[in-house]
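# Per-entry structural report
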Amino acid sequence: MHYRREIDGLRALAVVPVILFHAGFGFVRGGFVGVDVFFVISGYLITGIILADLASGRFSIARFYERRARRILPALFLVMAASLPFAWWWLLPSDLKEFAQSLIAIPLFVSNILFLRKSGYFDTAAELKPMLHTWSLAVEEQFYLLFPLLLMLAWRLRRNWLLALLLGIALASLAGAQWGTLHHPMASFFLLPTRAWELAMGASIACYRQHRGEPTNAPATAPWVTQAASLAGLILILSSTLSYSEATPFPGLYALAPTAGAALVILHASPRTLVGRLLGSRPFVAVGLVSYSAYLWHQPVFALARQGASAPLGPIPMAALSLLSLGLAFLSWRLVERPFRQPGVVGQPRLLAFALAGSLLFIALGWAGTASNGFEYRIVLPQAVQDSFARTGRTGECFDKPLVQSRPDWLCRLGGSDHAPDFMLVGDSHAAALLGAFDAAARATGRSGVFTGAGGCPPLLGIHALRADQDERNCHALNERVFAYVRSHAIGTLVLTGRWSYYTDDGTSSRDVSYLGRSPSDPRNQTTSRQAFSYGLAQTVERYAALGVRLVLIEQVPQQAYDPQKVYRRVWASGALDQALLDRFEATRAQHLQQQSFVDGVFARLPPQVQRVDPTDIYCPGERCLMGDAGGSFYADASHLSAHGANRLRARIQALLAP
């Protein structure tokens, strides 16, 4: 297949936005579309090679998979091996266990399925998972497991129908992706059936050009058409990179912009077009040549640095880590990728032995890390301190169930159960963190109550959580169900709590916000979200007041900037608590009040019959907001209280529930 410099340039246009996006630079909010561009490029190049071999009668399945192994495994195994010592030093046992599971999944090319299963609300944030990016490699290799056989079969039967077959696969997969994006967004993002259309799009281009007998670097089209089409393709890629965000439903119809852009560039860019000359220039080609290694390196470099730092890294460190990723990419391309691609340097027997031994080694290491719960013996902390990070034991029992509207077990009892519930606790994950404290306080006061709640669902009537998965996580329907229950069961006291600023202001990271709207189609921005928050709170107060319900609002507990588990591992390094060092990691009262400033202003306008409980003085007795004490951490993570920390609020809750 004829080498095209502009394709390497297109690779650079794909990988750089991905790196900048994962580095947290806000101007490339849609940088994740680079993966979709990669899929189109891969489908085009691999299919072109297969079709050329089929046409010449020299295609071999064994040689195809040997070529894939030379391309994929050496650099991949190098990055995995280089990540091992840093994962050992910096990852907590729970994170190291997940890392170990990825070591098993990656050689088997099923890491997309693993990370789909690990995409729950309380799982490690995506930016902290060193091997998360390998999901795309798994999708590709799953596609190429059967795709060559399909091409061989179609080639022997009805060659003229091959393009129609590929287009049919692409359209069916795209339809599934659009439906899945609306109803099962995480599965749609990670799984092959809803990603196959992007690879099939590239394959269709290769088939089209082979069918027409066009040389791969010179489309038989009028010059002005190639100029305009290639420029339009470049604009589509860049515009989606700059305008999309994590809120964009993906990979449904919105993914057509970057993939169609890539298709137009592949079809029409050449040395005779402006876009072809730009992408074929030395800087673009240089980055494109190392793009695979750069893609492999950047995520573990970023994730492990963030894990080791324990706190959010600013733009300058992330820019330095981006350059480091490119430097490592050049070295691995030069010293590993290039030699392994040459059969004369690394023969087939040595390649097979390398692939088998490497796969078995990583699977064995992954099994050991999984069986040992992330080698939990590495961190020696007093048992009480280790236990202090645990959330209330009933979170898994009660949390997120009400999102399935037909579930009868959508409520959890609190306190005594010998009489009908007379109070109700409702909220998001911050309410779930208080379950144990409310249960104990209710038992101490002889009260009986119920709890319900879901992650990312503020307990406000008349609003919609503008999440990508809002159809399946229907917070509006949940809050209406709560209202109907309160009215039909004559609940006397309704307690609302949540991570209120999560819906109005950025939190501890630039993308840490969940927007609200008064309708599901409202634009996702801070102004709309703040207006919806104020409206929803007013609606909630008004409608429950009409029922004669006593409304109690628990304000947000302080958030920490540092991961408490990492902090405690550091401050106990000498075998005893270093209180002075712990103080340095704690958030300040000023930071907490600044983060709550908008929400506090809204709360200040509430009518006097709404009882407000402000936990600030409990957790911020001075100028600092306590992360914990010698007995352990008050937080399970930087945002959510642990059972140990929630217990500090128990006396206030008990006074609240006292008859």
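Residues numbered from 1 in each chain as written. Predicted model: local features only at pLDDT ≥ 70, side-chain atom pairs only at ≥ 80, totals over all residues. Heavy atoms only, no water.

What the 6 strands build is an open sheet, ordered β1-β3-β2-β5-β7-β8; its pairing is mixed. Because the sheet does not close on itself, it has two edges, and the strands there are β1 (412-415) and β8 (611-613). Ignoring which end each strand starts from, the neighbouring axes of this sheet average 25° apart. Sheet topology places strand β7 (residues 550-554) next to β8; 3 bridges connect them, and they run parallel. Of the residues in β8, the one forming a bridge with V552 is Q611. Running at roughly 50° to β1, helix α20 (residues 435-445) makes contact with β1, β2 (423-427), β3 (448-453), β5 (493-497) and β7 of the sheet. Set on the sheet, helix α21 (residues 475-488) makes contact with β2, β3 and β5; between it and β2 the angle comes to about 175°. (Pairing = 2+ DSSP bridges. Helix = DSSP H or I, 4+ residues; strand = E, 2+ residues; numbered from the N terminus. Axes fitted to C-alpha atoms, helices over the stretch in contact; angles between N-to-C directions. Contact = heavy atoms within 4.5 Å.)

Before going further, it helps to examine the packing of aromatic side chains. Under the counting rule described, the total for this entry stands at 32 aromatic pairs. Look at F39 and W135: their rings are 6.1 Å apart centre to centre, the planes differ by 80°, and that puts the pair in the edge-to-face class. Remark: W135 occurs in helix α6 (residues 135-157) and F39 occurs in helix α2 (residues 34-56); sequence separation between them is 96 residues. Residue classification places W135 among the buried positions, given a relative accessible area of 5%. A cation over an aromatic ring shows up here: R195 above the ring of F189, its NZ or CZ 4.6 Å from the ring centre. When the ring centre of F483 is taken as reference, the NZ or CZ atom of R543 above it lies at 4.3 Å. (Phe/Tyr/Trp six-rings, centres within 6.5 Å; stacked < 30°, edge-to-face > 60°. Buried < 20%, exposed > 50% of the residue type's maximum accessible area, 1.4 Å probe, protein only. Lys NZ or Arg CZ within 6 Å of the ring centre and 35° of its normal.)

Here the second largest pocket defines a volume of roughly 920 Å³. Lining of the second largest pocket is provided by 32 residues; of these, R11, L45, I46, R71 and R341 occupy positions nearest its centre. Considering each element in turn, the lining of the second largest pocket owes the most residues, 9 residues, to α2. Of the residues assigned to the lining of the second largest pocket, the class counts are 18 nonpolar, 5 polar and 9 charged. (1 Å grid on protein atoms, 1.4 Å probe; cavity = no way out; pocket = protein on both sides within 12 Å on 5 of 7 lines; lining within 4 Å. Points joined across faces, edges and corners; volume = space filled by probe spheres on them. Nonpolar A, V, L, I, M, F, W, Y, C, P; charged D, E, K, R; others polar.)

In this model helix α15 (residues 315-341) runs 36 Å from its N-terminal to its C-terminal C-alpha over 27 residues, within 8% of the 39 Å that 1.5 Å per residue would give. Turning to α15, its buried residues are M318, L321, S322, S325, A329, S332, W333, V336, E337 and F340. Buried residues along α15 sit in contact with α1 (5-22), α3 (61-90), α13 (282-289), α14 (291-309) and α16 (348-371). (Expected span 1.5 Å × (residues − 1).)

With that out of the way, let us pick up the state of the cysteines. All chains considered together, the criterion is met by 2 disulfides. The disulfide that involves C457 links it to C475, with 1.9 Å between the sulfurs. Across the S-S bond of C457 and C475 the torsion is about -65°, and the bridge reads as left-handed. With a gap of 18 residues between them, C457 in the loop between β3 and β4 (464-465) and C475 in helix α21 connect regions that are remote in the sequence. Taken individually, C457 and C475 each receive the classification buried, so the pair is uniform in this respect. Between C620 and C625 runs a disulfide, and the two sulfur atoms are separated by 2.1 Å. On the sign convention where negative means left-handed, the S-S torsion of about 100° between C620 and C625 marks this disulfide as right-handed. The exposure class of C625 is buried, given its relative accessible area of 0%. (Disulfide = S-S within 2.5 Å.)

By size, the foremost hydrophobic cluster in this structure holds 106 residues, and its most contacted members are L10, L54, L73, L76, M80 and I266. It is α2 that provides the largest number of residues to this core, a total of 12 residues. With near-sequence residues (within four places) excluded, L76 lies in contact with I106, T134, L137, Y292 and L296. The next biggest cluster of nonpolar side chains, apart from the first, holds 36 residues, and it includes A465, C475, F533 and V549. (Core = buried A, V, L, I, M, F, W, Y, C linked by side-chain atoms within 4.5 Å.)

This part takes up the side chain of E586. Secondary-structure assignment places E586 in the loop between α24 (579-585) and α25 (589-595). Among buried charged residues, E586 stands out as having no salt bridge; its nearest opposite-charge side chain is R624, 4.1 Å away. Aside from chain neighbours lying at most four places away, what touches E586 is Q560, R624, C625, L626, M627 and G628. (Lys, Arg positive; Asp, Glu negative; His and termini not counted. Salt bridge = Lys/Arg side-chain N within 4 Å of Asp/Glu carboxyl O.)

A word on the pattern of salt bridges. Applying the stated criterion to the full structure yields 20 salt bridges. Residue R68 is joined to E141 by a salt bridge in which the shortest nitrogen-to-oxygen separation is 2.6 Å. Of this pair, R68 sits in helix α3 while E141 sits in helix α6; the two residues are 73 residues apart in sequence, bridging distant segments of the chain. For the pair R68 and E141, one class covers both residues: buried.

Take the pairing of β7 next. Most of β7 is tucked away: 4 of the 5 residues are buried. The pairing of β5 with β7 spans 5 bridges and is classified as parallel. Residue pairing in the sheet places T493 in a bridge with R550 of β7.

With that settled, the discussion passes to a nonpolar patch on the surface. A cluster of nonpolar side chains, namely F86, W88, W89, W90 and Y377, defines an oily patch on the protein surface of about 570 Å² accessible area. Following the sequence through the fold, W90 ends up in helix α3. By relative accessible area, W90 is classed as partly exposed at 30%. (Patch = residues over 30% accessible without salt bridge, like charges linked within 9 Å, V, L, I, M, F, W, Y side chains within 5 Å. Areas by Shrake-Rupley, 256 points an atom, 1.4 Å probe, with all protein chains shown as cover.)

All we've got here are geometric facts, nothing functional implied.
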